[in-house]
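Each chain is listed here by its residues.
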Amino acid sequence: EVQLVESGGGLVQTGGSLRLSCAASGFTFDDYAMSWVRQAPGKGLEWVSTISWNGDSTYYAESMKGRFTISRDGAKNTLYLQMNSLKSEDTAVYYCAKVARPRRLPTSYGGTLDYDYWGQGTQVTVSS
């Protein structure tokens, strides 16, 4: 059974930082690229970042560049998102998602079809 469990969300002030974690199980973690996707209140899904299966390549949405860092720990089967300089517009539920195809890295966000499993999400609220 594939499971993705996010944690680390919470309430922070503008300019603050949070580190999100996604604990993965039920599949060979190091064979799959992983992404973070978020959903702001009343909005659709927005791609945040993707990391390759081996961690060698990372990609970010333009508004996250320089502020967010995606990483992974193969020994712990855990995906991370370090978020700095948070803004009110970062308020959203953040989901980790598993890329469906092994050893494949989407070059652009093509929507939910790239992913076959999602975590339950963790709420990030940035006060302003």
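Just above, that's the structure.
Notes on the structure follow.

Reading the values: rules and limits
- Residues numbered from 1 in each chain as written.
- Predicted model: local features only at pLDDT ≥ 70, side-chain atom pairs only at ≥ 80, totals over all residues.
- Heavy atoms only, no water.
- Core = buried A, V, L, I, M, F, W, Y, C linked by side-chain atoms within 4.5 Å.
- Buried < 20%, exposed > 50% of the residue type's maximum accessible area, 1.4 Å probe, protein only.
- Helix = DSSP H or I, 4+ residues; strand = E, 2+ residues; numbered from the N terminus.
- Disulfide = S-S within 2.5 Å.
- Pairing = 2+ DSSP bridges.
- Axes fitted to C-alpha atoms, helices over the stretch in contact; angles between N-to-C directions.

**A closer look at the nonpolar core**
Side chains that are nonpolar tend, in soluble globular proteins, to be buried together. Residues Phe27, Trp36, Phe68, Leu79, Leu81, Met83 and Tyr94 are the most contacted members of the largest nonpolar core, which totals 34 residues. Broken down by element, this core gets its largest block of residues, five residues, from strand β9 (residues 92-99).

**Describing the state of the cysteines**
Each disulfide consists of a covalent bond between the sulfur atoms of two cysteine residues. On inspection of all chains with the given rule, the structure shows one disulfide. Covalent S-S linkage joins Cys22 and Cys96, the inter-sulfur distance amounting to 2.0 Å. The sign of the S-S torsion, about 55°, decides the handedness of the disulfide formed by Cys22 and Cys96: right-handed. In this pair, Cys22 sits in strand β3 (residues 18-25) while Cys96 sits in strand β9, placing the two residues 74 residues apart along the sequence.

**As for the sheet that holds strand β1 (residues 3-7)**
An order of β1-β3-β8-β7 is seen for the four strands of this open sheet, with the pairing classed as antiparallel. Each end of this open sheet is capped by a strand with a single partner; those strands are β1 and β7 (68-73). The mean angle between the axes of side-by-side strands here comes to 15°, regardless of whether they run parallel or antiparallel. Inspection of the sheet shows β7 paired to strand β8 (residues 78-83) by six bridges, in the antiparallel sense. The partner of Thr69 across the bridge, within β8, is Gln82.

Treat this as a map of the structure, not an account of what it does.
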